[in-house]
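Structure at a glance
Spelled out from the first residue to the last, the chains are:
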Amino acid sequence: MREMPPDYAPVANEGYNAYLGSIYKKDAPVGTPTGHFLFDLKPHHLNGGGTAHGGLIMSLLDTSCGATVAQLVGASGSTVSFNCDFLDGVQVGARLEIAARVTQKTKTVAFVEGQLMKDGNVLATARGIWRIFPERASA
Amino acid sequence: MSDDDLESALKNARPPEGYKPSRQRGPFTSHNGPLFYKYEGDKLWQGFRALERHTNSHGILHGGMLMAFADGVLASAVYLETKARAVTLRMNSDFVAMARPGEWIEGTAEVTRAGREVAFVEGRIMAGDRLIFTATGVFKLFRRDKRG
Amino acid sequence: MSSHLKPLPPAREVAAPPGYEIMTLFDPFEAFVGPFFDKRVPQDGPGFDGKGELWASFFIDERHVNTQGICHGGMLMSFADATLGIIAWRINNQNPSVTLSMQTNFLKAGRIGDLVEVRPRLERKASGILFASGSFEVNGEPLFTATSLWKLKKPS
């Protein structure tokens, strides 16, 4: 297994995310509206056809988009709505990249877009709306 | 809308430079718009002038108008990419910000993947430099060379 | 037919709630986050295939929650992909299908011990395309909703 780059660290690495396997997030200061993530696909993430399960793909995009909201506002929010399109399948052994971007933020909600890629090819895209809790936010 | 009314509406819309009227649209779109288009390289932009009749009771641009416009923006991008007749299977909409009458509303879309049977497309709609709406769509393709 | 697929044991043993049986799973990821449960209840309606209303469920446990003890959205979406996929799988004569698109809304927080139940609904099957949706409930209260679009693959 390839090592993760030094400027990446596990994100939201408890409970469900820890159970799935770590998603690594690239360091970025609070207030940054974009996030970059890496994840290594293992056999227990697959469906019966031998490609990544749709539920796993949505889990990765949900966590990555949510972590990008948290990075922007300085506190975690919660997913209100999440939509995912599945463009292509991906097989075990792959290192997946996820790029997420907050496109709009108000006091109480954030709109986020995410792309899941392998070797630069987009495999899934997602858009979601997060609720922000202004009393928790630090930025 | 009669031809005279359409011509007058096209004139009153005061499109920004580069936009030309879309005259070949279906009755629904001509009546709602009128719409304009321009190319930036290969990229097609479509636009319309937001009017009172496009608003809701809050005086802001109606969500239904935005979705109807967006559906056409997505469909045009799919056609330009695939040259296939296509119908919308789904469109998902995010209402990112408000727009008001008087503003020029314009949108463009990109096909993220086109297979034999379906195409995925993403679009965005702006009011000036403000992003007001995003949509993703899945279209079913009817390719002429496909059997069965 | 994918009859060569072997049923997989779920990652942990959890007793099925009354009326339900443990769902047979073929996807490693579903076995990893499962078990799931299912039942057919003809009294509730004919179901998508005339064999009685299909119900599916799972218990939220500590593997499924985030730091606040709330069920992770990813887990609910995984369960939605699995259970709406049952319809695609059955309608397509147990040939594979792929999720093209899924839209979800998170209405409430799910907590450890909650039984999340859904009656997956077939909205329409067109040529090669299927629409399915579900309202996911805890004690009859909506927790999460999903609509989905599937591409039905032909037998290889």
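Further up the page is the structure itself.
Counting secondary structure elements, chain A contains 2 helices and 7 strands. Reading chain A from its N end, one meets helices and strands in the order β-α-β-β-α-β-β-β-β. Taking 139 residues into account, the globule formula puts the C-alpha radius of gyration at 14 Å, and chain A, at 14 Å, falls close to it. Across its three principal directions, the C-alpha atoms of chain A cover 45 × 30 × 30 Å.

This part is about the overall build of chain C. Counting its secondary structure elements, chain C contains 2 helices and 8 strands. Written out in order from the N terminus, the α and β elements of chain C read β-α-β-β-α-β-β-β-β-β. The C-alpha radius of gyration of chain C comes to 15 Å, within 12% of the 15 Å expected for a compact globule of 156 residues. Viewed in the frame of its principal axes, chain C has a C-alpha envelope of about 45 × 30 × 30 Å. In chain C, which comprises 156 residues, the proportion classed as buried is 52%. In chain C, 52% of the contacts between residues at least 6 apart in sequence involve partners at least 24 apart.

Following both chains from N to C, one finds helix 2 (residues 54-73) of chain A and helix 2 (residues 73-91) of chain C inclined at 155 degrees, their axes separated by 8 Å at the closest point. Classified by the angle their axes make, helix 2 of chain A and helix 2 of chain C are roughly antiparallel. Of the two possible hands of crossing, helix 2 of chain A and helix 2 of chain C adopt the one that is right-handed. Contact residues: helix 2 of chain A offers A:G54, A:G55, A:L56, A:M58, A:S59 and A:D62, while helix 2 of chain C offers C:G73, C:G74, C:M75, C:M77, C:S78 and C:D81.

Our focus in this paragraph is a nonpolar patch on the surface. Nonpolar side chains collect at one region of the surface, where B:Y39, B:Y79 and B:L80 lie side by side and expose about 290 Å² of accessible area between them. Examined against the element boundaries, B:Y39 turns out to sit in strand 2 (residues 36-40).

What follows concerns the pattern of salt bridges. This model, assessed by the stated rule, comprises 16 salt bridges over all chains. When the shortest N-O distance is used, the salt bridge between B:R90 and A:D85 registers 2.6 Å. Here the residue B:R90 occupies a position in strand 4 (residues 85-95), and A:D85 occupies one in strand 4 (residues 78-86), the pair thus bridging two chains. We note a salt bridge from C:R63 to C:D61, for which the minimum N-O separation is 2.9 Å. The network of salt bridges with shared partners includes A:R101, A:E113, A:R127 and B:E122.

Using the criterion set out here, one finds 15 aromatic pairs over all chains in the structure. Measuring from centroid to centroid gives 6.4 Å for A:F82 and A:W130, while their planes differ by 85 degrees, and the two rings are edge-to-face. Taken as a pair, A:F82 in strand 4 and A:W130 in strand 7 (residues 121-131) lie far apart in primary sequence, 48 residues in all. Each member of the pair A:F82 and A:W130 is classed as buried. Joined through ring pairs, the aromatic side chains of C:F36, C:F58, C:F79, C:F106, C:F136 and C:F144 make up one cluster. The positively charged end of C:K39 is found above the aromatic ring belonging to C:W55, 5.1 Å away from the centroid.

Rules and cut-offs
Residues numbered from 1 in each chain as written. Chains lettered and ligands numbered in written order. Predicted model: local features only at pLDDT ≥ 70, side-chain atom pairs only at ≥ 80, totals over all residues. Heavy atoms only, no water. Helix = DSSP H or I, 4+ residues; strand = E, 2+ residues; numbered from the N terminus. Rg over C-alpha atoms; globule rule 2.2 N^0.38 Å. Buried < 20%, exposed > 50% of the residue type's maximum accessible area, 1.4 Å probe, protein only. Contact = heavy atoms within 4.5 Å. Axes fitted to C-alpha atoms, helices over the stretch in contact; angles between N-to-C directions. Parallel < 35°, antiparallel > 145°, perpendicular 65-115°, else oblique. Left-handed = near helix turned anticlockwise from the far one by under 90°. Patch = residues over 30% accessible without salt bridge, like charges linked within 9 Å, V, L, I, M, F, W, Y side chains within 5 Å. Areas by Shrake-Rupley, 256 points an atom, 1.4 Å probe, with all protein chains shown as cover. Salt bridge = Lys/Arg side-chain N within 4 Å of Asp/Glu carboxyl O. Phe/Tyr/Trp six-rings, centres within 6.5 Å; stacked < 30°, edge-to-face > 60°. Lys NZ or Arg CZ within 6 Å of the ring centre and 35° of its normal.

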